[in-house]
Amino acid sequence: MTQTTPAPAVPAIADPVIQVRSVVVAFGGLLALKGIDLDVTRGERLAILGPNGAGKTTLFNVIAGDITPTDGTVAIKGRDCTFLPSRHRPRLGMARTYQKARSFDGLTIRENIYLALAGHRGRHWPLWRSPVDRRLDEEATEVAESVWLGDHLDTAAGELAHGQKRQLELGMAIATQPDVMLLDEPASGLSRGERERLVELLDSLAGEVTLLLIEHDMEVAFSLSQRVVVMADGAMVTAGTPEQIQSDPDVHEIYLGVEASS
Amino acid sequence: MTGLRRRATFALSLATGLALLTAGCGGDGDDTAGLPAEENVDEPADAGDDGDDGDEEAPDASTGDDSTVRLGILGQCEGPFGGFHEDVVGGTALAMVNHAGATVNSTTSALDGFSGAEVAGTPIELVGIGCGDDTPDRILQEVRRLVEQLDANVIIGPLSGDEGLAIAEYAKANPELTVLAGISGSQEQTLHVQAPNYFRFYGDGAIWNAGLGDILHNQEGWDTVAVIADDYSFGHTSAGGFIADFCAVGGDVTHRVFPPLGTTDYSSYIAQLPDPDEVDGYFWAVGGTGTQASLEAFVNAKGDLTGDQHAGNLFFNPDLAQALGTDIAGAYIGGFATLPGDVQTPAIEEYLASADDTWETLPGSLSGNEPAPPSVAAAFGFFYGYYTAGVALVEGLAAVDGDISDKDALHAAIGGLTLELPYGDISLDENRSGIVDVGLSQLAVNDDGEIVQETVAIVPGVDQTFGGTFSPDTPSPSRDFPECEERDLPWEGNAIPVVDGVPQQ
Amino acid sequence: MTARRLLTRGNIGLALLVVVLLAMPNLASAFFVNFVLTQTMMLGVAAATIVFLARYGGMVSLAQFLLVGVAGFMFGNAAVEGGARGLNLGMNPWLAVVFAIVITTAVAFVLGALASRTTGLYFLMLTLVYAVIGFFVFAQIVELSGPGGITSIQRPDLMGPPVRLYYAGLVLSVLVYLGFKALGRATFGLTLQGVRDDPIRMASLGYNVPMHRTLAFTLAGFVAGLSGVLHVWWNGQIDPASIAIGPSLILLIMAVIGGISYFEGAWLGAFVYVLAFTYLRDLPLIDQIGITEARFNTVIGAVVLLIMVLSPEGLAGIAARVWRRVNKPASAAPTAPAGGPSSAA
Ligand SMILES: Nc1ncnc2c1ncn2[C@@H]1O[C@H](COP(=O)(O)OP(=O)(O)O)[C@@H](O)[C@H]1O
Ligand SMILES: [Mg+2]
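Residues numbered from 1 in each chain as written. Chains lettered and ligands numbered in written order. Predicted model: local features only at pLDDT ≥ 70, side-chain atom pairs only at ≥ 80, totals over all residues. Heavy atoms only, no water.

1. A short note on the overall build of chain C
Thought 1: A tally of regular secondary structure across chain C gives 15 helices and 0 strands.
Thought 2: Over its C-alpha atoms chain C spans a radius of gyration of 21 Å, differing by no more than 12% from the 20 Å that the globule rule assigns to 345 residues.
Thought 3: Over its C-alpha atoms, taken along the principal directions, chain C stretches across nearly 65 × 60 × 45 Å.
Thought 4: Restricting to contacts in chain C with at least 6 residues of sequence separation, those with at least 24 account for 76%. (Helix = DSSP H or I, 4+ residues; strand = E, 2+ residues; numbered from the N terminus. Rg over C-alpha atoms; globule rule 2.2 N^0.38 Å. Contact = heavy atoms within 4.5 Å.)

Listed below in structure tokens is the structure:
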């Protein structure tokens, strides 16, 4: 199919944060992932491209523990996490956003971010408020400001506009200062100005933060990533630097072509 | 924040509404300047239960309550016995008509009450009719409404066994109240609770089978019997009476099977019974729709039912022949409050005629709640039980010359009554439960080839202890109590035979 | 938390209401206080646990009255001595309260854990099954109750006078109301609402979703147990029919009448139900239009239907809507309604 096979494109790396090995996911008869291998090093910025239905979100779900793969293994920071439920991911320093925003619509923006913070810190059960909560609220306020939601702290998430919801998604992910972030189409539905701010924000993340990004917007994807993986039909098609991928005719055909027509 | 405010405002409106309501409610009925609800704050909690006497005293004082008997009747307008609402209210109303000079307010329904009842100058006013649904919780709510809201000082009722226990406890906690049980058949309401102001002028559920054991063991030669009864208090109590009687005279109960109330498929319970060649007979105390269903399940599993091998409590009736055939002729049946219709004495005829004179029709349960001659309802135990309670109230009042201010005197007077009633005299034992005559009957084929119920014996003077099987120290009848023990029964051998409706004595 | 923040209209309204309710024994008849209002308080607390689970946790439970009953049965078993049925442990009544609450909470924990992976209609059905099984457990296990139930249950001497039971119910109601409201802003309340809105997201944020549901159910069971102890004190007896499916449904109906997403609605629904139950039949000529006691359930059903049609949010929802409409043009007129209660009193 192509001269750049996925396996050699993954360099033998010293400090793997995520190791995906032969992961298969089947939904009934449908093979959403057909044996994926992927290694991500600490601090790497990886973009995953591919047409709708390629299996990108499913791959994220496997890494984040939202679904257990039918076959294969997932290791995070050297630890086998194939069957580890998603709720143990934050302790490993991982945070994710969802393609379709999953915010707590009945709660305010502050409370949404508070939950991200409290979840990470293991503060799950207190029955009454304490000074700790006030500090978390202050942190949540700062986070909200950093994703330009400072003016809407007390707005219910259910009342937010689409773009604001995406900002909140991002805020909930960065709130815990994770060192592995999975962002599923963070720029979709954002205006041009918002996209620029998004890139700026992600660029400003500390260097050791590992970033996995699913993104349709080429500009965003290429400007943020060091390496690009292209998926189609549940398999990895090619990988390389943004420049290599941009000039790869196959990619144009299977991905950009499809994208242009859709 | 908007939500908060919204709720705030809501709380306000609730406050307003409540305040208005209170003003309204406080205004009607008794004017309670004496802060009745606070009355008890400093009093020690004697009985520790609701509605201490202080509670009623405040309204008592203001309404001059002691000059009037304010009667509340506890019936059931819902639940399994909901159909008997007319019957039970009718029973008490007829007692007032016959013995206290009352007239009924409607000639086609007892529920409209009566007026003009008076005994020795003391009027009896019907303040309300409670509507139970066969659960103790509901009847407690109803009695509290009658007593605490409508100021009733005398209650007649309730109807069923568990209700009776709850009301007896309520009576015990409210010693100023006088309660005359309706037709409630649990033992404990008198035997265990022993409330000095709670009277029952008829028997409990056990005593209606007294004398059956004597006949079946000594006359029909049954030595062993299997018992099947509903798994709730009336089933346990009714079966317990039979077991106490049958075992006392020397018989043996080999099996006890208790299907839950409301069972529709009895086959698994029938399977627990022995086969017909393994026991001398079966005793049935399965009521409601279960009577027919359980007997049919028996026929399916074990072959035909024959009257010489089966006996039952009051639920066993001639209607069963429609499904089971005339083979059940010969089966013995326990009694229930009144004597079967084939016994006619002048007193009974007079009583039934008085019912027909009082109303044109009554929509009682036996006529499917369609208008029917009132004597149809009056001849049945539910009506009659409430009638006896009403008569007891009237005679008790007469005994104290209409003065109900001294409750102890009133209660002593009621406790000492011997009522001469159409279906036999009734007096009370030391726990204020009736000592009554029990009429036993048998299914028989009449000249038209139909199954009818014929009275065969009257067992006189039956009390609820069964010669000591039941006492204040024994548990309530249950799946395994009473045990099967031989002992002396006061009425063994005393049954008065009845031939063609005529007692032979 | 400044004085100014405490001075919201809600708090003022609540304080006024509590004052009126505290004064109630001086204003109303004994029956109204000891029967209508005491029941309202007890049932309101029980219904509030339904609201708590529904509003914060998105779980509509039919098992709350079962837990009310478990506490009642356990108190009866523990406190009664020499009764006809039950364990007859003859404990000190206050120890019996602790016993009853501990058992009820433990039962709630187990039932909650079993239901913690179901949501929506399945949760409703499962709790319905709990209610049905609970009835049979107490009806069949004669060591605990049997069909006749536990009778002659006395309340502690301290609670002897009925009016104290009313005050106890009132205090418990206020505590439960404020507690549940405050919980909505505390961590556990927020996490629960998170679980309600998006359990998957909550899991990925590190929360143990089934455990949150379990503990919410446990907490609701604890509170229902408190209501149950009051209830059995008030009633003096408890039997399986007390916790049959009928009363369980009625409790849910109260919450629905009041407005299942408003805590106020729990008490309002209970109040309306008890009022209707007690006074509807006294309305003149009411039986002429066919509303007799025997048709009471039909009437309640019709009332529920009517309220649902008018406002799916129940009476509290109607009240809130009316208030917003009235309040919009003249938003600064809190004195007018505030004067209502005092002048009426
Ligand atoms: N929960 C699911 N159940 C069934 N099929 C699913 C599910 N999630 C995803 N799929 C299917 O798996 C394939 C890959 O989906 P997805 O990973 O969401 O693709 P992408 O994110 O690349 O657009 C699609 O065909 C999609 O329909
Ligand atoms: Mg996707």
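2. Details of the overall build of chain A
Thought 1: The number of helices and strands found in chain A is 9 helices and 10 strands.
Thought 2: Scaling as 2.2 N^0.38, a compact globule of 262 residues should have a C-alpha radius of gyration of about 18 Å, and chain A matches this with 18 Å.
Thought 3: Once the C-alpha set of chain A is aligned to its principal axes, its extents read approximately 60 × 40 × 35 Å.
Thought 4: Put simply, chain A has 262 residues, and 55% of those count as buried.
Thought 5: Excluding contacts between residues fewer than 6 apart, the proportion of contacts in chain A whose partners are at least 24 apart in sequence is 67%.
Thought 6: Roughly 11,300 Å² of accessible area belongs to chain A as shown, and the carbon and sulfur atoms make up 51% of that amount.
Thought 7: When the 25 basic and 36 acidic side-chain charges of chain A are each reduced to a single mean position, those positions are 7 Å apart. (Buried < 20%, exposed > 50% of the residue type's maximum accessible area, 1.4 Å probe, protein only. Areas by Shrake-Rupley, 256 points an atom, 1.4 Å probe, with all protein chains shown as cover. Lys, Arg positive; Asp, Glu negative; His and termini not counted. Charge placed at Lys NZ, Arg CZ, Asp CG, Glu CD.)

3. Section: the interface of chain C and chain A
Thought 1: Each side of the interface is counted separately: chain C has 25 residues, and chain A has 29 residues.
Thought 2: When the two sides are added together, the surface that chain C and chain A hide from each other amounts to roughly 2,400 Å², 61% of it contributed by carbon and sulfur.
Thought 3: In this assembly, chain C and chain A are joined by 2 salt bridges.
Thought 4: Taking the shortest distance from any N to any O, the salt bridge between A:Arg102 and C:Asp198 comes out at 2.7 Å.
Thought 5: The interface formed by chain C and chain A holds 14 residue pairs in polar contact (both at pLDDT 80 or more) in total.
Thought 6: Sorting the residues of the side of chain C that touches chain A by element identifies α8 (187–197), α9 (199–204) and α10 (209–235) of chain C as the ones contributing at least two each.
Thought 7: When residues in the side of chain C that touches chain A are grouped by element, the largest group, 8 residues, is from α8(C).
Thought 8: Along the lines of polarity and charge, the residues of the side of chain C that touches chain A split into 12 nonpolar, 8 polar and 5 charged. (Buried area = accessible area lost by both parts, 1.4 Å probe. Salt bridge = Lys/Arg side-chain N within 4 Å of Asp/Glu carboxyl O. Polar contact = N/O pair within 3.5 Å; in protein donor to acceptor, adjacent residues only side chain to side chain. Nonpolar A, V, L, I, M, F, W, Y, C, P; charged D, E, K, R; others polar.)

4. Overview of the pattern of salt bridges
Residues and elements named next belong to chain B.
Thought 1: With the rule as written, the count across this model stands at 24 salt bridges over all chains.
Thought 2: Of the charged contacts, one joins Arg138 and Glu78 as a salt bridge, the two residues approaching to 2.9 Å between their closest N and O atoms. Here Arg138 is found in helix α4 (residues 136–149), whereas its partner Glu78 is found in the loop between β1 (69–76) and α3 (85–100), with 60 residues between them in sequence. Note on accessibility: Arg138 and Glu78 belong to one class, buried.
Thought 3: A salt bridge links Lys302 to Asp275, with the shortest nitrogen-to-oxygen separation between them at 3.1 Å. Separated by 27 residues along the polypeptide, Lys302 in helix α10 (residues 290–302) and Asp275 in the loop between α9 (267–270) and β11 (281–285) bring together distant segments of the chain.
Thought 4: For Lys302, a relative accessible area of 16% translates into the label buried.
Thought 5: A relative accessible area of 35% places Asp275 in the partly exposed class.
Thought 6: What you see here is one network of salt bridges that share partners, running through Glu78, Asp133, Arg138 and Glu142.

5. Considering the coordination of the magnesium ion (ligand 2)
Residue and element names in this part refer to chain A.
Thought 1: Protein-derived ligands of the magnesium ion (ligand 2) are Thr57 (OG1) and Gln99 (OE1), with the metal-ligand distances lying across 2.0 to 2.1 Å. Of this pair, Thr57 sits in helix α2 (residues 56–64) while Gln99 is found in the loop between β6 (94–96) and α3 (109–121), placing the two residues 42 residues apart along the sequence.
Thought 2: A relative accessible area of 31% places Gln99 in the partly exposed class. (Donors = N, O, S within 2.8 Å, 3.2 Å for Na, K, Ca; no water.)

6. Remarks on the UniProt feature "transmembrane region" (unreviewed entry) in chain C
Thought 1: The positions that UniProt labels "transmembrane region" (unreviewed entry) are, in the present scheme, residues 40–58, 65–82, 94–114, 121–142, 165–183, 214–234 and 300–320 of chain C.
Thought 2: With 86% helix and 0% strand, residues 300–320 of chain C has end C-alpha atoms that lie 22 Å from one another. (UniProt positions renumbered as here; feature names shortened; annotations may be inferred.)

7. Description of a negative patch on the surface
Residues and elements named next belong to chain A.
Thought 1: Together, Glu138, Glu142, Glu145 and Asp151 give the surface a local cluster of negative charge.
Thought 2: Relative to the assigned elements, Glu142 resides in helix α4 (residues 131–146).
Thought 3: On the accessibility criterion, Glu142 (52% relative accessible area) is exposed. (Patch = residues over 30% accessible without salt bridge, like charges linked within 9 Å, V, L, I, M, F, W, Y side chains within 5 Å.)

8. Let's talk about the pairing of strand β17 (residues 451–462) of chain B
Residue and element names in this part refer to chain B.
Thought 1: Inspection of the sheet shows strand β16 (residues 434–445) paired to β17 by 9 bridges, in the antiparallel sense. The residue of β17 that forms the bridge with Ala444 is Val452.
Thought 2: Where β16 folds back onto β17 in an antiparallel hairpin, the turn is made up of 5 residues, including Gly449, whose phi is positive at roughly 80 degrees.
Thought 3: Pairing between β17 and strand β18 (residues 496–499): 2 bridges, direction antiparallel. Residue Ala457 lies in a different strand from β18, and its bridge partner there is Pro497. (Pairing = 2+ DSSP bridges.)

9. Side note on the side chain of B:Ser441
All names here are of chain B.
Thought 1: With respect to the helices and strands, Ser441 occurs in strand β16.
Thought 2: A polar atom in the side chain of Ser441 sits 2.8 Å from the side chain of Gln453.
Thought 3: Leaving out residues up to four positions away in the same chain, Ser441 has contacts with Ala331, Tyr332, Ile333, Pro340, Gln453, Glu454, Thr455 and Val456.

10. With respect to the sheet that holds strand β2 (residues 30–41) of chain A
Residue and element names in this part refer to chain A.
Thought 1: Across the sheet, which stays open at both edges, the 4 strands sit in the order β2-β1-β4-β5 with antiparallel pairing between neighbours. The sheet terminates laterally at β2 and β5 (79–80), the two strands that pair on one side only.
Thought 2: Bridge count between strand β1 (residues 16–27) and strand β4 (residues 71–76): 5 bridges; the pairing is antiparallel. From the neighbouring strand, Gln19 faces β4, where its bridge partner is Ala75.
Thought 3: Together, β1, β2 and β4 form the strand contacts of α2, whose direction differs from that of β1 by roughly 120 degrees. (Axes fitted to C-alpha atoms, helices over the stretch in contact; angles between N-to-C directions.)

11. Section: the pairing of strand β8 (residues 210–214) of chain A
Residue and element names in this part refer to chain A.
Thought 1: Taking burial as the measure, the 5 residues of β8 include 5 buried ones, the bulk of the element.
Thought 2: On β8, burial covers both faces: Thr210, Leu212 and Ile214 on one face and Leu211 and Leu213 on the other are all buried.
Thought 3: Two elements, strand β3 (residues 45–49) and β8, share 4 bridges in a ladder whose sense is parallel. Within β8, the residue paired with Leu46 across the bridge is Leu212.
Thought 4: Here strand β7 (residues 180–184) runs beside β8; their pairing, made up of 5 bridges, is parallel. By the bridge assignment for β8, Leu182 is matched with Leu212.

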